[in-house]
Amino acid sequence: MKRSPLTITIAFLLIIIFGLMLFVFQVRKSEVAVVTLFGKMEQSRIKTQPGAYLQWPWPIEQVHHLDQKVHTLEDTDKLDSLALPDQNIILLQTYAGWRIADPYKFYPKFEEGSVSKAEDILAVMIRSAKLEVAGKHNFSDFLSADEREMKLPEIENEMLAKVRDNVRTNDCGIEVKFVQIRSIELPESDTPSVFERMKDERGKVIADIRADALVRSNTITAQADSDAAKLLADADAQAKQIRGQGEAAMVSSLQVLRQDPAFASFIMDLDMLDELSKDKTTWILDHSTPGLELLQAAKPAPGETNASK
Amino acid sequence: MSEEESKQLQTPGGNLAPDATPADDAGTQALSEALRSSFIIVRVIMIGLVALFFGSGFFMVDAQHKAIILRMGKPVGEGEAALLGPGLHFAFPRPIDEVVKIPFTSSQTADSTVGWYLTAEERAKGAAKPAPQPRMDPAAISYVLTGDTNIIHVVATVTYRISDPIKFHFDFADAKTLVTNDLNNALLLTASHFNVDDALTLQPTAFAAAVMARMRELVKEQDLGVTVDLVSPQTHPPLALENDFNRVAEARQEGPDSITKAEIHSADVLGNARGAKETRIKTADAARARMVGLIGAEQTNFSRLLPDYQRDPQLVKRLLLAETFKKVWANAQLTEVLPDLDGRQLRFHLSPPATPIYGTSTNQ
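Residues numbered from 1 in each chain as written. Chains lettered and ligands numbered in written order. Predicted model: local features only at pLDDT ≥ 70, side-chain atom pairs only at ≥ 80, totals over all residues. Heavy atoms only, no water.

**Comments concerning the overall build of chain A**
Okay, step 1: Looking only at helices and strands, one finds eight helices and 10 strands in chain A.
Okay, step 2: Taken across its 309 residues, chain A has 39% of its residues classed as buried.
Okay, step 3: Counting contacts in chain A only where the partners sit at least 6 residues apart, residues at least 24 apart contribute 68% of the total.
Okay, step 4: Roughly 17,300 Å² of accessible area belongs to chain A as shown, and the carbon and sulfur atoms make up 56% of that amount. (Helix = DSSP H or I, 4+ residues; strand = E, 2+ residues; numbered from the N terminus. Buried < 20%, exposed > 50% of the residue type's maximum accessible area, 1.4 Å probe, protein only. Contact = heavy atoms within 4.5 Å. Areas by Shrake-Rupley, 256 points an atom, 1.4 Å probe, with all protein chains shown as cover.)

So this is what it looks like as structure tokens:
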């Protein structure tokens with residue numbers, strides 16, 4: 001029977017594909033593979049680097065893939081209360097990041113490498129660390145209006161160190177990457193007193209704001225009044241100085257007028273009279289006024305009223 | 001029987017061998033035909049399997065996703081180069097390659113899950129504010145504590161970009177949840193060193209900046225492979241104390257109002273004073289000018305008339321007086337020349353025009 005090259009190629013390819021599927025396994029990035037030989041685990045059979053590896057088909061060898069990503073373990077018990085040395089009680093929740101660091105230790109420790117079993121144990125370790133660390137810190141270490149005095153990051157680091165110690169002691173092949181605080185709250189029974197205090201503080205804040213505003217507005221007004229008075233005083237001083245300059249000029253002209261003071265006075269009187277008459281003026285004159293003496297000659301007879309304009 | 005064996009039963013001329021019976025011939029031929037057909041079917045199946053194998057390597061990526069090819073478990077390419085965008089792509093089928101599709105938009109968001117009076121689900125549904133309670137049940141309602149030990153509510157949304165998708169998707173089992181928890185931690189930590197008034201009203205920008213700084217610090221420490229673009233926190237007083245905080249806000253508003261009024265008054269007073277100052281100085285200037293001008297004119301007049309006056313003082317005086325009176329009378333509204341009263345009393349109605357009334361004096 002004649003064999004076509006196509007048939008041979010296809011058959012060859014299929015053999016390769018099935019061979020690959022049967023004898024090769026992959027380890028993905030972020031995975032590790034634990035290969036057991038007849039159910040027995042050996043350190044040398046653990047594949048931690050991504051790539052393709054050879055295997056004997058089941059039941060000789062069995063490949064168990066473990067996820068080496070960082071897992072987030074959230075503390076779900078919101079009511080987990082911690083007693084502080086200053087008799088305060090807080091409810092503290094954390095979250096932690098962990099990964100499988102040593103599959104050889106991890107796999108047998110947690111029932112075929114069960115992540116959920118590992119997290120159960122880790123949650124206990126974190127709770128223990130929380131209790132231990134919280135037992136060393138007063139309430140004021142958790143909250144501080146001054147950022148420099150705030151110790152929360154230190155507390156987080158202390159918890160991380162404690163959890164790492166516990167993990168090391170248990171030798172369970174886990175690496176804890178971080179432990180962070182997720183929430184800090186107070187027991188329900190403490191909140192009414194906090195509300196009362198906050199309410200009182202609001203009243204004080206309002207009083208302070210109003211007093212401050214009053215002081216500031218009074219200061220502004222007083223300053224303005226003072227500045228205005230200063231300006232007017234300054235204006236009066238300048239005006240007086242200016243008038244003084246005019247008067248000084250007048251006095252300096254006396255040299256000329258002293259040649260005949262009587263005549264100078266007469267001229268000035270005339271000027272004054274001229275000035276007086278610039279508006280509509282009513283003059284009531286005696287007939288002895290200079291220039292009106294002529295009227296004296298036309299004196300009316302007794303009992304006769306005579307007014308001249 | 002194989003095709004080869006069936007061929008061996010035939011003579012070179014194509015006739016059946018002498019010992020083969022006609023019945024055998026027919027059976028053999030049928031078998032031969034059947035085998036030939038089977039081989040063709042097997043060949044077609046084999047070709048189909050190979051085609052299916054390679055054809056399964058083609059895959060589509062839609063606009064909301066990116067894809068990373070793992071070749072023997074390792075990502076092909078690094079960073080952005082490892083990401084395959086929307087369109088048709090090819091990868092070798094398993095077990096050579098593996099395609100991992102990841103949800104990807106240019107900008108991702110995450111909402112905080114602690115600190116607010118509504119849960120994230122309730123917020124998403126647009127639930128109404130719960131009724132104010134005189135106490136906070138931590139199992140039902142969430143909040144944060146401020147640096148001055150007050151209770152406030154805070155919620156935030158972080159907007160971030162996945163700058164290293166390989167780290168984001170392959171180094172973390174649930175990176176999105178981690179981003180959310182980091183946001184929770186950033187809100188908690190920031191509130192714990194802010195005063196209640198600063199967090200709520202006085203320094204919201206500084207509060208947001210501190211949350212953002214903490215977020216960036218955390219994602220950098222954890223090497224999450226994301227870049228934080230924006231954190232928009234929103235703060236709220238406890239619902240039971242909302243009115244008290246509103247009154248503080250009103251007082252804060254009134255404070256500047258009264259100060260503004262004082263400033264307006266101040267501006268008025270100073271403006272008036274400046275105006276008065278200017279007027280007073282101008283008046284003084286005018287007085288000085290008048291005095292200087294007047295005395296100058298007096299000097300000139302005096303010097304001009306003095307020689308004549310010295311020659312005949314009476315005549316000059318009389319002349320000057322007459323000239324002045326002419327002008328005076330010309331400008332006068334009313335000139336009354338009194339006659340010889342001769343013991344009578346003179347009274348004037350001051351309302352214009354002034355008209356004299358002559359009567360008998362009671363004093364005389």
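**Let's talk about the confidence of the model for chain B**
Residue and element names in this part refer to chain B.
Okay, step 1: On average, residues of chain B score 83 in pLDDT, and 88% of them reach the 70 mark or higher.
Okay, step 2: Taken element by element, the predicted model of chain B shows its lowest mean pLDDT in helix α1 (residues 3-8) (46) and its highest in helix α5 (residues 175-191) (95).
Okay, step 3: In this model, residues 1-18 is a region of pLDDT below 50 whose contacts with residues beyond four sequence positions or in other chains number 20 contacts.
Okay, step 4: Across the whole predicted complex the pTM is 0.67, and at the interface the ipTM reaches 0.71. (pLDDT = per-residue confidence, 0-100.)

**Some details on the sheet that holds strand β2 (residues 65-71) of chain B**
Residue and element names in this part refer to chain B.
Okay, step 1: As summarised here, the arrangement of the three strands in space is β3-β2-β5, forming an open sheet in which the pairing is antiparallel. One side of each edge strand has no neighbouring strand; the edge strands of this open sheet are β3 (74-75) and β5 (97-103).
Okay, step 2: Across seven bridges, the pairing between β2 and β5 is antiparallel. Paired with His-65 across the two strands is Pro-103, which belongs to β5. (Pairing = 2+ DSSP bridges.)

**Quick word on the environment of Phe25(A)**
Residue and element names in this part refer to chain A.
Okay, step 1: With respect to the element layout, Phe-25 can be found in strand β1 (residues 24-27).
Okay, step 2: Phe-25 gets classed as buried once you look at its relative accessible area, which sits at 6%.
Okay, step 3: Taking the C-alpha atoms as reference points, Phe-25 and Trp-56, 31 residues apart in sequence, are found 9.9 Å from one another.
Okay, step 4: Not counting chain neighbours up to four residues away, the residues in contact with Phe-25 comprise Ala-33, Val-35, Lys-47, Gly-51, Ala-52, Tyr-53, Leu-54, Gln-55, Val-63 and His-65.

**Details of the packing of helix α8 (residues 261-276) of chain A against helix α8 (residues 242-311) of chain B**
Okay, step 1: At a minimum axis separation of 10 Å, α8(A) and α8(B) run at an interaxial angle of 125°. With respect to their mutual orientation, α8(A) and α8(B) come out oblique. The handedness of the crossing between α8(A) and α8(B) is right-handed. Where α8(A) approaches α8(B), its residues Phe263(A), Ala264(A), Ile267(A), Met268(A) and Asp271(A) are matched on the opposing element by Glu298(B), Asn301(B), Phe302(B), Leu305(B), Leu306(B) and Tyr309(B).
Okay, step 2: Residues that form the contact of α8(A) with α8(B) fall into these classes: eight nonpolar, one polar and two charged. (Axes fitted to C-alpha atoms, helices over the stretch in contact; angles between N-to-C directions. Parallel < 35°, antiparallel > 145°, perpendicular 65-115°, else oblique. Left-handed = near helix turned anticlockwise from the far one by under 90°. Nonpolar A, V, L, I, M, F, W, Y, C, P; charged D, E, K, R; others polar.)

**Here we look at the sheet that holds strand β2 (residues 31-37) of chain A**
Residue and element names in this part refer to chain A.
Okay, step 1: Here three strands make up an open sheet; going across it, the order is β3-β2-β5 and the pairing antiparallel. Both edges of this open sheet fall to β3 (40-47) and β5 (61-67), since each of them pairs with a single strand only. The average undirected angle you get between the axes of adjacent strands in this sheet is 30°.

**A short note on the interface of chain A and chain B**
Accessible area lost during the coming together of the parts is what is often quoted as the interface size.
Okay, step 1: Every contact between the two is made by 121 residues of chain A and, on the other side, 129 residues of chain B.
Okay, step 2: When chain A packs against chain B, the two sides together hide about 11,400 Å² of surface, and 67% of this comes from carbon and sulfur.
Okay, step 3: Applying the counting criterion to the chain A and chain B interface returns nine salt bridges.
Okay, step 4: Between Arg202(A) and Asp197(B) there is a salt bridge, and its shortest N-O distance comes to 2.6 Å.
Okay, step 5: Here the element with the most residues in the side of chain A that touches chain B is helix α6 (residues 191-252) of chain A; it accounts for 36 residues.
Okay, step 6: Note: strand β10 (residues 281-286) of chain A against strand β10 (residues 332-338) of chain B, six bridges, orientation parallel. The partner of Leu285(A) across the bridge, within β10(B), is Val337(B). (Buried area = accessible area lost by both parts, 1.4 Å probe. Salt bridge = Lys/Arg side-chain N within 4 Å of Asp/Glu carboxyl O.)

**Quick look at helix α7 (residues 204-222) of chain B**
Residues and elements named next belong to chain B.
Okay, step 1: The terminal C-alpha atoms of α7 lie 27 Å apart, and with 19 residues this matches the ideal 27 Å at 1.5 Å per residue to within 8%.
Okay, step 2: Of all the residues in α7, the buried ones are Phe-207, Ala-208, Ala-210, Val-211, Met-212, Arg-214, Met-215, Leu-218, Val-219 and Gln-222.
Okay, step 3: Following α7 by one or two positions, Asp-223 adopts a phi angle in the positive range, close to 55°. (Expected span 1.5 Å × (residues − 1).)

**Section: the side chain of His89(B)**
Residue and element names in this part refer to chain B.
Okay, step 1: The topology assignment puts His-89 in strand β4 (residues 87-90).
Okay, step 2: A residue is classified by how much of its surface remains accessible, and His-89, at 19% relative accessible area, is buried.
Okay, step 3: At 2.7 Å, the side chain of His-89 and the backbone oxygen of Gly-85 are in polar contact.
Okay, step 4: In this structure, His-89 is in contact with Gly-57, Phe-58, Phe-59, Val-61 and Leu-84, ignoring residues within four places of it in sequence. (Polar contact = N/O pair within 3.5 Å; in protein donor to acceptor, adjacent residues only side chain to side chain.)

**A closer look at the packing of α8(A) against helix α9 (residues 313-331) of chain B**
Okay, step 1: At their nearest, the axes of α8(A) and α9(B) sit 9 Å apart, and the two run at 10° to each other. Here α8(A) lies roughly parallel to α9(B), going by the angle between them. Packed against α8(A), whose contacting residues are Phe263(A), Phe266(A), Leu270(A), Leu273(A) and Asp274(A), the element α9(B) presents Val316(B), Lys317(B), Leu320(B), Leu321(B), Thr324(B), Phe325(B), Lys327(B) and Val328(B) at the interface.

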